[in-house]
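For reference, the chains in residue letters:
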Amino acid sequence: MQYFNIFLTLVIAAAGMYLFTKLKVPGGAMIGSMLMVALFSIFTGRAAVFPWFKYFVQVCSGILIGSKINKETLARLKDLWKVFLVIIIMLVIETAVFGILYFKLTDFDIVSCMFSIAPGGMTDLTILSAEFGANSVVVGVMHVFRQIMIIMILPTIAVRIASPEEMIAGDNKRIPV
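Here we take up the side chain of S129. You can see S129 is positioned in helix α7 (residues 122–131). On the accessibility criterion, S129 (0% relative accessible area) is buried. When sequence neighbours within four positions are dropped, the list of residues in contact with S129 reads F115, A134, S136 and V139.

Below, the structure written as structure tokens:
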């Protein structure tokens, strides 16, 4: 029965991925599969995966990230290291401050709160959070919510900041990347 539940879970995840990517939902593969499997789990209690599956997904994530890095990427990054350093310091401080605040305002553990607040890839942080003993469901849901809010709010801010010429060209010449 367990193998059938695993098969059913994978089929439902694939259906969610297909539906949400067809609907052009940003992050649709993850959001669709997560939502559909969550609903399957809530209503039937039968969602299941192989115990080793999270390691397989971590390897795949590492492959995807690593395969995007090349000599050109490194050449571009060497000119921006000061900016990256400032951004990293600011993000670590922001994550610590808001992670602690989130911890104080909820009954979640500190590790789950830190991973929930940390900026980064929804998939990667959700998977990584489980390795550190966090509640990966809480982390995943927070990142889905964060992504939805960013998609709703950020374009409005960008349009208000950009000059008419930048909006028409669709290219920001001020960014040396």
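A positive phi angle, near 60 degrees, is found at K24, a position not held by glycine. Looking at the element boundaries, K24 is found in the loop between α1 (2–22) and α2 (28–44). Using a relative accessible area of 71% as the deciding quantity, one classes K24 as exposed.

Moving on, we get to the packing of aromatic side chains. According to the stated counting rule, one finds 7 aromatic pairs in the structure shown. Between F53 and F56, the ring centres sit 6.0 Å apart and the planes meet at 35 degrees, which makes this aromatic pair tilted. In this pair, F53 and F56 are both assigned in helix α3 (residues 53–67), 3 residues apart and thus about one turn of the helix distant. When its relative accessible area of 45% is taken as the criterion, F56 is described as partly exposed. Ring plane angle 55 degrees and centroid distance 6.0 Å describe the contact between Y102 and F108, whose orientation is recorded as tilted. The partly exposed category is assigned to F108, whose relative accessible area is 28%.

Parameters and conventions
- Residues numbered from 1 in each chain as written.
- Predicted model: local features only at pLDDT ≥ 70, side-chain atom pairs only at ≥ 80, totals over all residues.
- Heavy atoms only, no water.
- Helix = DSSP H or I, 4+ residues; strand = E, 2+ residues; numbered from the N terminus.
- Buried < 20%, exposed > 50% of the residue type's maximum accessible area, 1.4 Å probe, protein only.
- Contact = heavy atoms within 4.5 Å.
- Phe/Tyr/Trp six-rings, centres within 6.5 Å; stacked < 30°, edge-to-face > 60°.

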